[in-house]
Amino acid sequence: MCSSDLKACTTSKMVRVLPFIAVTATALQLPGVLRPAPHAVARSTLLRMEDTDFDLVIVGCGVGGHGAALHAVSKGLKVAVCSGGDVGGTCVNRGCVPSKALLAASGRVRAMQDAKHLAALGISVGGEVTYEREKVAAHANNLASTVKKNLGNSLTGLGVTVFEESGKLIDGKTVSLGGGKTLKANNVILATGSVPFVPPGVQTDGKSVFTSDEALKLEWVPDWIVIVGSGYIGLEFSDVYTALGSEVTFVEAMPRLMAFFDKQIAQQADKILIRPRNIDGYTNVFASEVTPGVPGVKPCRVKMIDAVTKEHVETIEPDAVMVCTGRAPFSEGLGLADAKVKVERGFVQVNEKMQALGEDGNPIDGLWCIGDLNGKMMLAHAASAQGISAVENMCGDEHIVNHDAVPAACFTHPEIAMVGPTEEQAREKAEAEGYEIGVSTGNFRANSKALAEGEADGIAKVIFRKDTTEVISCHIVGLHAADLIQEVANAIEHGINLRQLSMTVHTHPTLCEVLDEAFKGGMGRTAH
């Protein structure tokens, strides 16, 4: 078996496990949402708790837990997942997936209402462009349900035992399911994710004052909505709401909107995504008190105070308030204190191998933690990467995730994407370590494909070391930025430098030539 106190995975182990996989793929007693296959009752008699023994138990079944489970099966491990009735987790059910459905629908509304853009392409739309809110919401809900079902089926199809109960740590290798049921394993991965963070003074009712959890249901489209926070989630929902006809006001505690984005990219995004739309905002203020209203009857109240002096600035009364002030690790009922796990600000502390640390600062044997719960990088695909890495390490194959090579994206229209540090962060590090950085930019306005689409706003900037041409980071705002960023993420992960990228052939005419322009420019060449 694979753990710190067992031998590494072997072919014989995989052969021994395959019959187990073949049986459990069709015979587990599962939650209703996973639709148990025939003979589930017969198999359930073989899964008495006292007989249960797993190589790996994963507590949580979001994208991170799912990715870890699939990789563990590929390594020959016998795996169980405690889903807590939430296969897919936040990303699939209340986050990444349904939000993309809302953005897809609202984005088409925006595009079809843009008469000037359509006219430039020789297109006209007769009559008013309308949408049906209920059907837009249903599209998001149906997508989430479909993906959730697919994830559940992929687990059971590979022989992963899925328990509907939530798991609670007894110790580093024992998980309680409640009711006297326990699971003993050689390794346990904690992957319970996060929940929306609601600041003190903000009262949510899920109707007029809500978080992304409720916003994704799209129960109504307010005429005027305040969005507290201008990060990824706030920006995406400003895109949705303005496309569907709302006026948006940002309330941001930092000195500028999109404060954690690269400054130049944020300035470009402000020109493209904020100024032309029905969006205004306050910066350097806290929403110190938020009181719910009644949709269509009574407005909400938002009291704002200066972020520095704490003096009252203004009180406004919008129809609705969406709270987008970040996310908090979800560890309720997880038993971290009982297992003596080191926790700081709610986050489980881990080393670079994703081993959970004890209160003494040393790794707890067999216990691992991935995703939002450890706070290293709160992105679904980062959680999956960490889960795969943890499995590699527990099987004796050392692996460390390079978080500087993990890309991120904001799915506005157009998109924003990045990998690695901002220019400001890169310069600070370069000054501290004694080297110079270079910055090279490609422009969508010089790109044939972007011009053909009539969507030529935006730039791509690549940051690199001048002495070695090592690629440090890349930031893009523009058409399909979320897809374009992967080329640079791959380069950073695999050590491909700027000189090599500049000599790589890019298909013409494609949007990736925006990056080609930046690569060549960094080497003192031109692409046009």
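Preceding this section is the structure that the text describes.
This text gives an overview of the structure that appears in the document. (Residues numbered from 1 in each chain as written. Predicted model: local features only at pLDDT ≥ 70, side-chain atom pairs only at ≥ 80, totals over all residues. Heavy atoms only, no water.)

## Regarding the packing of aromatic side chains
Any two aromatic rings considered together are summarised by their centre-to-centre distance and by the angle between their planes. Tallied over the full model, the rule gives three aromatic pairs. Taking the centre distance of 6.3 Å and the plane angle of 90° together, the rings of Phe54 and Phe163 count as edge-to-face. You can see Phe54 sitting in strand β1 (residues 54–59) and its partner Phe163 sitting in strand β3 (residues 161–163), a full 109 residues away along the chain. Since its relative accessible area comes to 1%, Phe54 is described here as buried. You can call Phe163 buried: its relative accessible area is 9%. (Phe/Tyr/Trp six-rings, centres within 6.5 Å; stacked < 30°, edge-to-face > 60°. Helix = DSSP H or I, 4+ residues; strand = E, 2+ residues; numbered from the N terminus. Buried < 20%, exposed > 50% of the residue type's maximum accessible area, 1.4 Å probe, protein only.)

## Notes on the environment of Asp205
Tracing the chain through its elements places Asp205 in the loop between β7 (194–196) and β8 (209–210). Overall, Asp205 belongs to the partly exposed group, its relative accessible area being 35%. In the structure, Asp205 is positioned 16 residues away from Ile189 in sequence and 34 Å away in space, judged by C-alpha atoms. At 2.9 Å, the side chain of Asp205 and the backbone nitrogen of Ser208 are in polar contact. (Polar contact = N/O pair within 3.5 Å; in protein donor to acceptor, adjacent residues only side chain to side chain.)

## Thoughts on helix α14 (residues 481–494)
Over its 14 residues, α14 extends 21 Å from the first C-alpha to the last, a length consistent with the 20 Å expected when each residue adds 1.5 Å. Considered for burial, the residues of α14 that qualify are Ala481, Ala482, Leu484, Ile485, Val488, Ala489, Ala491 and Ile492. Against the buried residues of α14 lie β21 (408–410), β22 (415–419), β25 (471–478), α15 (498–502) and α16 (513–522). (Expected span 1.5 Å × (residues − 1). Contact = heavy atoms within 4.5 Å.)

## As for the pairing of strand β14 (residues 312–316)
Bridge count for strand β13 (residues 301–306) against β14 is four bridges, and the pairing is antiparallel. Residue Lys303 lies in a different strand from β14, and its bridge partner there is Thr315. Between β13 and the antiparallel strand that follows it, β14, lie five residues; Lys310 among them carries a positive phi value of about 65°. (Pairing = 2+ DSSP bridges.)

## Things to note about the sheet that holds strand β11 (residues 279–282)
To summarise the sheet geometry, strands pair through backbone hydrogen bonds and adopt either a parallel or an antiparallel arrangement. Taking strand neighbours across the sheet as the criterion, the five strands line up as β8-β15-β9-β10-β11 in an open arrangement whose pairing is parallel. Unpaired on one side and paired on the other, β8 and β11 mark the two borders of the sheet. Note: β8 against strand β15 (residues 320–323), two bridges, orientation parallel. Paired with Phe210 across the bridge in β15 is Met322. Set on the sheet, helix α9 (residues 232–243) makes contact with β8, β9 (224–228), β10 (247–251), β11 and β15; between it and β10 the angle comes to about 165°. (Axes fitted to C-alpha atoms, helices over the stretch in contact; angles between N-to-C directions.)

## Quick look at a nonpolar patch on the surface
A cluster of nonpolar side chains, contributed by Met112, Leu121, Ile123 and Val125, occupies part of the molecular surface with about 330 Å² of accessible area. Checked against the element boundaries, Leu121 lands in the loop between α6 (115–120) and α7 (133–157). (Patch = residues over 30% accessible without salt bridge, like charges linked within 9 Å, V, L, I, M, F, W, Y side chains within 5 Å. Areas by Shrake-Rupley, 256 points an atom, 1.4 Å probe, with all protein chains shown as cover. Salt bridge = Lys/Arg side-chain N within 4 Å of Asp/Glu carboxyl O.)

## Let's talk about the pairing of β22
Of all the five residues making up β22, five are buried; the element is thus mostly covered by neighbouring parts of the structure. Here β22 shows two buried faces, one formed by Glu415, Ala417 and Val419 and the other by Ile416 and Met418. The turn linking β21 back onto β22 is made up of four residues. Where β22 and β25 come together, five bridges link them in antiparallel fashion. Residue pairing for β25: Glu415 is matched across the bridge by Gly478.

## Some words on the packing of helix α3 (residues 63–74) against helix α11 (residues 380–394)
The N-to-C vectors of α3 and α11 enclose an angle of 35°; their axes lie 7 Å apart at closest approach. Two packed elements cross with a definite hand, and for α3 against α11 that hand is right-handed. The segment α3 lies against α11, with Val63, Gly64, Gly67, Ala68, His71 and Ala72 engaging Ala380, Ala383, Ser384, Gly387, Ile388, Val391 and Glu392. Residue classes in the contact of α3 with α11 are distributed as seven nonpolar, five polar and one charged. (Left-handed = near helix turned anticlockwise from the far one by under 90°. Nonpolar A, V, L, I, M, F, W, Y, C, P; charged D, E, K, R; others polar.)

## Some remarks on the nonpolar core
In terms of nonpolar packing, the biggest core is built from 51 residues, with Val57, Ile189 and Leu190 touching the most fellow members. Those residues in contact with Leu190 that sit more than four places away from it in its chain are Val59, Leu169, Leu334, Leu336, Leu367, Trp368, Cys369, Ile370 and Leu373. Counting residues in hydrophobic clusters, the runner-up holds 45 residues, among them Ala105, Ala215, Met258 and Ile279. (Core = buried A, V, L, I, M, F, W, Y, C linked by side-chain atoms within 4.5 Å.)

## With respect to the packing of helix α5 (residues 96–113) against α7
Close contact between α5 and α7 brings their axes to 8 Å; oriented N to C, the two are set at 145°. Remark: the crossing between α5 and α7 carries right-handed chirality. Here Val97, Pro98, Ala101, Leu102 and Ala105 of α5 come into contact with α7, specifically with Val136, His139, Ala140, Leu143, Ala144 and Val147. The class makeup of the residues in the contact of α5 with α7 is 10 nonpolar, one polar and no charged.

## Topic: the sheet that holds strand β24 (residues 459–465)
A sheet is described by the order of its strands in space; here five strands give the open sequence β21-β22-β25-β24-β23, paired in antiparallel fashion. Sheet topology places β21 and β23 (437–443) at the edges, where each strand pairs with a single neighbour. Taking the axes of each pair of neighbouring strands and ignoring which way they run, one obtains an average angle of 10° across the sheet. The pairing of β24 with β25 spans six bridges and is classified as antiparallel. Residue Val462 lies in a different strand from β25, and its bridge partner there is Cys474.

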